[in-house]
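What the coordinates show
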Amino acid sequence: MNKATFGIDENIVGLLCYLLWPISGLIIFLVEKENEFVRFHAMQSFITFLALNIIAIVISAIPVIGWAISALINIAVIVLWIVGMIKAYSGEKYKFPLFGDIAEKYYKVFLK
């Protein structure tokens, strides 16, 4: 198993990228400069959870139907959170639908 900048196995740091949703993803992305596996999961966590939380907040402003849709988005957030942590811990570079492609496009930004 490869190590991340932190001296910890990359699969553990990958899991930590998802722990605090976009916050941990952003922090780890800014600190980790070399490990592409960790950077990918950090970027995916940041993009996915930031976007879904913003969408849920905006949609929840619509009475009744917006609340229902927002609740469904929040369920999706929890499912993606769990899946992301499991896949990262197992060492898999798993891409979420839509957000994984965006993360893959941008996780190499700011390398060296």
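To keep things clear, this report deals only with the structure shown in the data block. Everything numeric in this text was worked out from a predicted model, so none of it was measured. Every chain is numbered on its own, with residues counted from 1 as its sequence reads. The predicted nature of this model means local features are confined to residues of pLDDT at least 70 and side-chain atom pairs, given and counted, to a pLDDT of 80 or more, with totals for whole chains, interfaces and linings taken over all residues. Just so you know, side-chain values use all the structure's heavy atoms and leave hydrogens and water out.

1. Brief notes about the side chain of Gln-44
- Numbering of helices and strands starts at the N terminus; helices are DSSP runs of H or I of at least 4 residues and strands are runs of E of at least 2. Tracing the sequence through the fold places Gln-44 in helix α3 (residues 36–59).
- Any pair of residues with heavy atoms lying within 4.5 Å of one another is described as a contacting pair. Sequence-distant contacts of Gln-44, that is, excluding residues within four places in its chain, are made with Tyr-18, Tyr-94, Lys-95, Phe-96, Gly-100 and Ala-103.

2. Considerations on the nonpolar core
- Within the largest apolar cluster, 24 residues are counted, with the highest numbers of intra-cluster contacts made by Cys-17, Tyr-18, Ile-28, Val-38, Met-43 and Leu-52.
- For this core, the element with the highest residue contribution is α3, accounting for nine residues. What makes a nonpolar core is a set of buried Ala, Val, Leu, Ile, Met, Phe, Trp, Tyr and Cys residues whose side-chain atoms join them at distances within 4.5 Å. For every residue, the accessible area obtained with a 1.4 Å probe (protein chains only) is divided by the maximum for its type, and the residue is called buried under 20%, exposed over 50%, and partly exposed between those limits.

3. What about the pattern of salt bridges?
- Here, a salt bridge means any Lys or Arg side-chain nitrogen found within 4 Å of an Asp or Glu carboxyl oxygen. Applying the stated criterion to the full structure yields six salt bridges.
- Among the ionic pairs, Asp-101 bridges to Lys-95, the shortest N-O distance being 2.8 Å.
- Here Lys-95 falls in the partly exposed class, since its relative accessible area comes to 32%.
- Where salt bridges share partners, they join Lys-93, Lys-95, Asp-101 and Glu-104 into one cluster.

4. Details of helix α2 (residues 22–31)
- Those residues of α2 not exposed but buried are Pro-22, Ser-24, Gly-25, Ile-28 and Phe-29. Buried residues of α2, seen end-on, are gathered within an arc of 165° and therefore sit on one face of the element. Turned more than 90 degrees away from the buried face of α2, the exposed residues are Ile-23 and Ile-27. Working note: the arc is built from the helix axis to C-beta atom directions.

This is a description of form; function is not addressed.
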